[in-house]
Each structure stands twice: as structure tokens, then as C-alpha cells.
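Examining the three-dimensional arrangement
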Amino acid sequence: MEALVGFYRSTCPRVESIVQSAVQSAVQDNPTVAAGDASILINGTSTEKMAGPNSLLRGFEVIDAAKSQFETTCPGVVSCADIVALAARDSVVMTGGRSWQVPLGRRDGLVSQASDTANLPAFNDPISVQISKFADKGLNTQDLVTLVGGHTIGTAACALFSYRLYNFNNTNGPDPDINQAFLPQLRALCPNGGDALRRVALDTGSVNSFGNSFYENLRNGRGVIESDAKLWSDRRTQRFVQRFLGGRGQTSRFNAEFGRAMVKMGNIEVKTGRQGEIRRVCTATN
């Protein structure tokens, strides 16, 4: 079974507005809201939330805030996985992106293991690895390039990319893919041996605005994390980046493609019906 638009119409009709207001208050404090499968939300050192790729994700508080409201208004009905899907959409809309209809009715997984994150894209994955990780989930190269565009409103900790600035691949120099004019800017934000947890915008000059400027930055050697930068230097992905470059028409194309790809991703390995559970709190299984 797939998730369905309007799934909570009779059981929890205010589902969309409750998530929306939780995201709204979070976006006012911090415009970069993280999204991912609800199993990421479980607390614990060996669980997905603490594993490499996710340990620096933010926005879990938003999900918790929405969930506690649901447990008052319609307890035991709305899954954490659905809250995550709605919150991702709402954070795009609140930063100027186009809305899309989110199919709902997912149920939450019963396990969350750190080993599962090995399948998630990592900040230093070569393009061939990124493509195969997405393909394993039924997503193609176009989906990959489109979904990474969500980084237009993302940030990353210095820890994830400062190796590119000083001693890339033991060369004692920077990653040659980084634009020479951009390098001092990144080094000022992430000094060698400085605060590894400092957050830096992944789409320079546009972190609070959802659009295709992220791809312009990739073309101009201003990709912050290595896996993003490689999307431009590899021709398998570059042709999809090129489709999103340009003026209003391309922004519109990116917005439409992004919504479509998010729905496709949201249907990966979906649990519905009697599978899984509806968590009472998103940070633990029942």
C-alpha cells in the first residue's frame, strides 16, 4: 500500500495546520529545518540519530513539538514519519518554495539502527556511490540531483567539510574544486582547528530562500560539502544540474521537480496498515 493524500481527514483533520504552526515557530528561530525518516528521531548513541550522517542534522525539536500536540488532540493517530514528511514540505514553503500535496498514512518503524545510515548519502561520497545508494532505494540520478537541491536552505557543520580547505587528500592544500575567491570566505568561517560545530550555509547568499541558486553556486565552484561539489564535476550529474540553471523558468522547473521527487522518496519502504506502529513520542519506540 502507498501513503494517501487526505489520510487523516476524519481521524485528525487539523494534522496539516498543527505541523505547519510547529514549523513556523521553528523557522522563525532557525530557518534550516532538517527532514528525514522518523526512525532518525530516536534518541540513543547507537541509533540513526547519532550515526555519522545524521548526528549533525537539526530540526528534531520541531517534530517533537508537533507530536506532543497531536498526543493531546488526537492521541495515537498521527505517525512521526508523517510529521517529518509534512514538516519537510512546510519548511520549503516557508522559505519561498512551492507547496506539494503530501501523501500520508505512513507508520513508524519498530527499529532504528546506526548501521542503517551506511545506506544514506555521506558528505564525501563519490558520485558513483551516491548514484548507487539512491538507485538501491528506487531513485534515479535525476532524483538525486533534485533532492540534493534541498540544501538550498541547509547548513553543515565545519566538521563535515573543513578538510577540503586545508589538507585535502593529504596534499597540504585545498580541494582544487573550490573556487579560489570562495576559499578565504570558507576559511574565515571555519579556521583550521576552530569550532568544528559551527554551522555554515550550503547555498551561499541564499540560505533562507528556497530556489535554484544552489545549482548556480555548484557551477561556480561554491559547493560547500564535497558530495555537493562533485555534482558539477561529474558529467553524469552535471547535465541534471544544468537543467536547473538560469532564470525564473528554471526556478519553476526545480520547484516542480523537487515536490515530485519528495513524494517519490516519501514512498520508499513505506509501512502502512498494520505494519510498524504509531509512536507516542518520536524519540523512542513504544
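Before reading further, recall that the structure is shown in the block above.
Summary of the structure given here. Residue indices begin from 1 for each chain and proceed along its sequence in written order. Side-chain atom pairs in this predicted model are given and counted only at pLDDT of 80 or more, local residue features only at pLDDT of at least 70, and totals for whole chains, interfaces and linings cover all residues. With hydrogens and water stripped out, all remaining heavy atoms of the structure feed into the side-chain values.

Before going further, it helps to spend a moment on the overall build of the chain. Counting from the N terminus, the helices are DSSP H or I runs at least four residues long and the strands are E runs at least two residues long. Per the secondary structure count, the chain includes eleven helices and two strands. Only protein chains enter the accessibility calculation, which uses a 1.4 Å probe. A residue is then buried if its area is under 20% of the maximum for its type, exposed if over 50%, and partly exposed in between. Counting every position in the chain, which comprises 286 residues, the buried fraction comes to 48%. The contact criterion used throughout is that any non-hydrogen atoms of two residues lie within 4.5 Å. Within the chain, contacts between residues separated by at least 24 positions form 74% of all contacts whose residues are at least 6 apart in sequence. For the chain, the computed accessible surface area is about 13,100 Å², with 50% contributed by carbon and sulfur atoms. With residues, only the protein chains shown are counted as cover, and all accessible areas are computed by Shrake-Rupley using a 1.4 Å probe.

Here we come to unusual backbone geometry. Positive phi, normally seen in glycine, also occurs at N170, with a value near 60 degrees. When you line up the elements, N170 lands in the loop between α6 (163-166) and α7 (183-189).

For the rest of this paragraph, the subject is the packing of helix α9 (residues 226-233) against helix α10 (residues 235-243). Simply put, an axis is a line fit to the C-alpha atoms, just over the touching stretch for a helix, and the angle between two N-to-C directions goes from 0 to 180 degrees. Put simply, α9 and α10 touch, their axes get as near as 6 Å, and they point 85 degrees apart. When the axes of α9 and α10 are compared, the pair comes out roughly perpendicular. Of the residues in α10, those in contact with K230, L231, W232 and S233 of α9 are R235, T237, Q238, V241 and Q242. Its residues placed into classes, the contact of α9 with α10 shows three nonpolar, four polar and two charged. Convention used here: angles under 35 degrees read as roughly parallel, angles over 145 as roughly antiparallel, angles from 65 to 115 as roughly perpendicular, and any remaining angle as oblique. For this scheme, ten residues count as nonpolar: Ala, Val, Leu, Ile, Met, Phe, Trp, Tyr, Cys and Pro. Four count as charged, namely Asp, Glu, Lys and Arg, and the remainder, Gly too, count as polar.

Time to look at the nonpolar core. Core analysis: the biggest nonpolar cluster contains 48 residues, and V19, F70, V78, Y215 and F258 have the highest contact counts within it. It is helix α3 (residues 80-94) that provides the largest number of residues to this core, a total of eight residues. When near neighbours in sequence (up to four residues on either side) are disregarded, Y215 contacts V145, T146, G149, V241, F244, L245 and F254. Within this scheme, the nonpolar core is defined by two criteria: the residues are buried Ala, Val, Leu, Ile, Met, Phe, Trp, Tyr or Cys, and they are joined through side-chain atoms within 4.5 Å. Counting 15 residues, the second largest nonpolar core, distinct from the first, contains F161, Y166, I178 and V224.

We now examine the environment of A66. Take A66: it is sitting in helix α2 (residues 60-73). Distance in space between the C-alpha atoms of A66 and C282 is 9.9 Å, their sequence separation being 216 residues. Filtering out sequence-adjacent residues up to four positions away, A66 remains in contact with I18, V19, A22 and I83.

All right, on to α2 then. In a helix, the anticipated span is given by 1.5 Å times the number of residues less one. If you check α2, its first and last C-alpha atoms are 20 Å apart, about what 14 residues at 1.5 Å a residue would give, namely 20 Å. Residues F60, V62, I63, A66, K67 and F70 constitute the buried set of α2. Seen end-on, α2 carries its buried residues on one side only, within an arc spanning 150 degrees. Looking at α2, the residues exposed on the side facing more than 90 degrees away from the buried face are E61 and T72. By arc we mean the arc of the directions from the helix axis to the C-beta atoms, nothing more.

By convention in these notes, a salt bridge is any Lys or Arg side-chain nitrogen within 4 Å of a carboxyl oxygen on Asp or Glu. Summed over the entire model, instances satisfying the criterion amount to 14 salt bridges. In this structure, D143 and K264 form a salt bridge, with 2.7 Å as the shortest nitrogen-oxygen distance. Linking D143 in helix α5 (residues 141-148) with K264 in helix α11 (residues 248-266), this pair joins segments that are 121 residues apart in sequence. Among the residues examined, D143 registers a relative accessible area of 0% and is labelled buried. With its nearest N and O atoms 3.1 Å apart, the salt bridge here joins R260 to E257. Residue R260 and its partner E257 are located together in helix α11, separated by three residues, close to a single helical turn. By relative accessible area, R260 is classed as partly exposed at 37%. Overall, E257 belongs to the buried group, its relative accessible area being 15%. By sharing partners, the salt bridges in this structure join D143, E257, R260 and K264 into a single network.

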